[in-house]
Amino acid sequence: MRGMPSTLTIGERVAWYRRRRGLSQEVLAGLVGRTADWLGKIENNRIELDRLSVIKSLADVLDISLGDLLAEPSLLDWTADSGTDTVPALRAALMNYRVISPFGQASDGQAPPPSIVDLKRDVTALWNAYQDSRFGYVTGRLPDLLHRAQAAADGLDGEGQDQARRLHGLTYQLAATQLTKLGETDLAWIAADRGLAAVRPTGDPIVTGSLLRSVGHALHSTGRYQEAVRLTEDAAAYLEAHLRQPTPAPALLSVYGTLFLSGAMAAARANDPYTTRTFLATAEETASRLGTDGNHLWTAFGPTNVAIHRVATAAELGDVQVAVDLGPRVDTTGLPMERRVRHALEVARAYNSWNRADEAQAALLDAEQMAPEQVRHHFLSRQLALTWIRRQRGKPSTKLVGLARRLNVLD
């Protein structure tokens, strides 16, 4: 970010930006309601800075983005999966002026639009790859899928066009979800907005609700937690009219419940424990109505995902005891890889906050074995590895040095 190396901890970035703003430790600490001693320990890596609510308060006072302190976005590595056209190619697809202009899409020599069968197959395959944490693979293939989904929405009519619009919206949602993971928050917002516009003519509440969840994630990623809470309430009210039927569709229940999980995270990051508990209770009730863990519309929603969010929200609210007690006991083996690894990062954070660094490192290394790309692109893993390196009195272990280098936080 802005020429800064990725080898700085969040605390060291706070110090760098504080000096750029000409603020003393006493002044900055006072502006966030803390002491100069606390800030000094943050800047010298003697206190862990992993709660997004605290990081956001520092970013606000320093007049920078949350991503500036989290070192996001981080570079997406070239791999056999990704190829050499990654985020810039996706950015170009999202910023194609023909999508929003009266000129329409460029013609491919009057080629027929893709069939719904083929498009649905490809959308499903790419969402599955995302849940397998193959971030480079997904990013590299999204531009072509967006182009073909647009061609189908433009070239078909009747029910075929409505189906194409739904698939187009879900492709935009995948783009928004993937870009959020990569720290590309502005692009994620564009993708979510485009997705809602694509699906609006169909009036489909399930896909619309699913896309609203992506809008919430985009709000999260920029630190707009209160707005994400309000979005949860508004989106839930929109869906509730469709939930009054005796047997609502499992996909509708899943989208509705997942909205509250996302909202609970926003409330926790806004330091609102009451709303966090309320949203989690609604999600738990919805999971009970669903009856089991499922993956309708790639939500991975069910009782296990509710438990995962209980751990994550406890950590965000600073309730480390709950996170340590509950986190390791949640069995995530039946969930998609993306959910399993995200929970493993929370377990690592909880262990570290409880001064159980060896168990924290083991949890993070296990997560990296399962999904190296996902671990590389999460601020928690980068922050943990850097903090462990900085706190070593002697020479860091070979395992720790290797981890830090693989996360691109050590030269």
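Here the residue numbering is sequential within each chain, running from 1 through the sequence in written order. Predicted model: local features are reported for residues with pLDDT of at least 70 only, side-chain atom pairs are reported and counted for 80 or more only, and whole-chain, interface and lining totals are derived from all residues. Note: side-chain values were computed over all heavy atoms of the structure, leaving out hydrogens and water.

Peer 1: Explain the overall build of the chain residue by residue, including any values.
Peer 2: The helix and strand inventory of the chain stands at 21 helices and 0 strands. In this description the radius of gyration comes from C-alpha coordinates, and the expected globular size is given by 2.2 Å times residues to the power 0.38. For 411 residues, the compact-globule estimate of 2.2 N^0.38 gives 22 Å, and the chain sits close to it at 22 Å. Dimensions of the chain, computed from C-alpha atoms along their principal axes, come out at roughly 65 × 50 × 40 Å. Of all 411 residues assigned to the chain, the portion counted as buried reaches 55%. A separation of at least 24 residues holds for 68% of the contacts in the chain among residues at least 6 apart in sequence. Summed over its atoms, the accessible surface of the chain is roughly 17700 Å², and 51% of this surface lies on carbon and sulfur atoms. Helix and strand assignments follow DSSP, with helices taken as H or I runs no shorter than four residues and strands as E runs no shorter than two, numbered in order from the N terminus. To sort residues, take the accessible area from a 1.4 Å probe on protein chains only and compare it with the maximum for the residue type: under 20% means buried, over 50% means exposed, and anything in between is partly exposed. Whether two residues are in contact is decided by their heavy atoms, any of which lying within 4.5 Å being enough. The protein chains shown are the only cover counted for residues, whose accessible areas, like all others here, come from Shrake-Rupley with a 1.4 Å probe.

Peer 1: Describe the nonpolar core, and please don't skip the residues or the numbers.
Peer 2: For soluble globular proteins, the rule of thumb is that nonpolar side chains tend to be buried together. We call a set of buried residues a nonpolar core when its members are Ala, Val, Leu, Ile, Met, Phe, Trp, Tyr or Cys and they connect through side-chain atoms within 4.5 Å of each other. Ranked by internal contacts, the top residues of the largest apolar core, which has 66 residues, are Leu94 and Val123. Excluding residues that lie within four positions of it along the chain, Leu94 makes contacts with Leu146, Tyr172, Leu179, Leu187, Ile190, Ala191 and Arg194. Counting residues in each nonpolar core, the second largest holds 24 residues, with Tyr351, Val375, Ala404 and Leu407 among its members.

Peer 1: Kindly report on helix α12 (residues 225-243), identifying the contributing residues and their values.
Peer 2: The length a helix should cover is 1.5 Å for every residue beyond the first. The first and last C-alpha atoms of α12 sit 26 Å apart over 19 residues, in line with the 27 Å expected at 1.5 Å per residue. Fitting axes to the seven residues ending at a residue and to the seven starting there, one defines the bend at that residue as the angle between these axes. Taken as a whole, α12 carries its principal kink of about 25° at Ala237. In this fold, the buried residues of α12 make contact with α4 (52-62), α5 (66-70), α11 (205-221), α13 (250-269) and α14 (273-290).

Peer 1: Explain the packing of aromatic side chains residue by residue, including any values.
Peer 2: Between 30 and 60 degrees the pair is tilted, below 30 it is stacked and above 60 it is edge-to-face, where a pair is any two Phe, Tyr or Trp rings, Trp via its six-membered ring, whose centres lie within 6.5 Å. Under the definition given, this model contains 6 aromatic pairs. A network of ring pairs unites the aromatic residues Trp127, Tyr130, Phe135 and Trp298 as a single cluster. The rule is short: NZ of Lys or CZ of Arg within 6 Å of the ring centre and within 35 degrees of the ring normal puts a charge over the ring. The lysine or arginine in question, Arg34, covers the ring of Trp38, its NZ or CZ lying 4.6 Å from the ring centre. In this structure, Arg224 packs its charged tip against the face of Trp189, placed 5.4 Å from the ring centre.

Peer 1: Could you give an account of helix α15 (residues 303-316), with specific residues and numbers?
Peer 2: For α15, spanning 14 residues, the distance from its first C-alpha to its last is 20 Å, which sits close to the expected 20 Å at 1.5 Å a residue. Of all 14 residues making up α15, 12 are buried, and the element is well covered by its neighbours. Listed in full, the buried residues belonging to α15 are Thr304, Asn305, Val306, Ala307, Ile308, His309, Val311, Ala312, Thr313, Ala314, Ala315 and Glu316. Immediately beyond the C-terminal end of α15, within one or two residues, lies Gly318, with a positive phi of roughly 85°.

Peer 1: Describe the pattern of salt bridges, with residues and values.
Peer 2: When a carboxyl oxygen of Asp or Glu lies within 4 Å of a side-chain nitrogen of Lys or Arg, that pair is called a salt bridge. Following the criterion strictly, the structure yields 27 salt bridges and no others. For the salt bridge of Arg18 with Glu43, the shortest nitrogen-to-oxygen distance reads 2.7 Å. You can see Arg18 sitting in helix α1 (residues 10-20) and its partner Glu43 sitting in helix α3 (residues 36-43), a full 25 residues away along the chain. According to the relative accessible area criterion, Arg18 is buried, its value standing at 8%. Here Arg148 makes a salt bridge to Asp144, at a shortest N to O gap of 3.0 Å. Of this pair, Arg148 and Asp144 both sit in helix α8 (residues 135-155), separated by 4 residues, roughly a single helical turn. Through salt bridges with shared partners, a single ionic network connects Asp118, Arg121, Asp122, Asp144 and Arg148.

Peer 1: Summarise the environment of Leu182; cite the residues concerned and give the values.
Peer 2: Here Leu182 is to be found in the loop between α9 (158-181) and α10 (185-199). When the C-alpha atoms of Leu182 and Tyr225 are compared, they prove to be 19 Å apart, with 43 residues separating the residues in sequence. Excluding residues within four positions of it along the chain, Leu182 makes contact with Pro73, Ser74, Leu76, Val87, Phe135, Thr139 and His377.

Peer 1: Give a description of the packing of α12 against α14 that names residues and reports values.
Peer 2: Following both chains from N to C, one finds α12 and α14 inclined at 30°, their axes separated by 13 Å at the closest point. For the element pair α12 / α14, the angle class is roughly parallel. Crossing angle aside, the handedness with which α12 passes α14 is left-handed. Mapping the contact onto sequence places Val229, Thr232, Glu233 and Leu243 in α12 and Thr275, Phe279 and Arg289 in α14. Classes in brief: Ala, Val, Leu, Ile, Met, Phe, Trp, Tyr, Cys and Pro nonpolar; Asp, Glu, Lys and Arg charged; the others, Gly included, polar. Along the lines of polarity and charge, the residues of the contact of α12 with α14 split into 3 nonpolar, 2 polar and 2 charged. Note on definitions: angles span 0 to 180 degrees between N-to-C directions of axes, and those axes are lines fitted to C-alpha atoms, for helices only across the stretch in contact. By the definition adopted for this analysis, an angle is roughly parallel if under 35 degrees, roughly antiparallel if over 145, roughly perpendicular if from 65 to 115, and oblique otherwise. By convention, the crossing between two helices is left-handed when the near helix turns anticlockwise from the far helix through less than a right angle, and right-handed when the turn is clockwise.

Peer 1: With reference to specific residues and values, describe the packing of helix α18 (residues 357-370) against helix α20 (residues 379-391).
Peer 2: Contact geometry of α18 with α20 gives a least axis separation of 11 Å together with a crossing angle of 135°. Put simply, α18 runs oblique to α20. In the packing of α18 onto α20, the handedness of the crossing is left-handed. Of the residues in α20, those in contact with Ala357, Ala360, Gln361 and Leu364 of α18 are Ser381, Leu384 and Trp388. Grouping the amino acids of the contact of α18 with α20 by side-chain chemistry returns 5 nonpolar, 2 polar and no charged.

Don't take any of this as a statement about function, it's just geometry.
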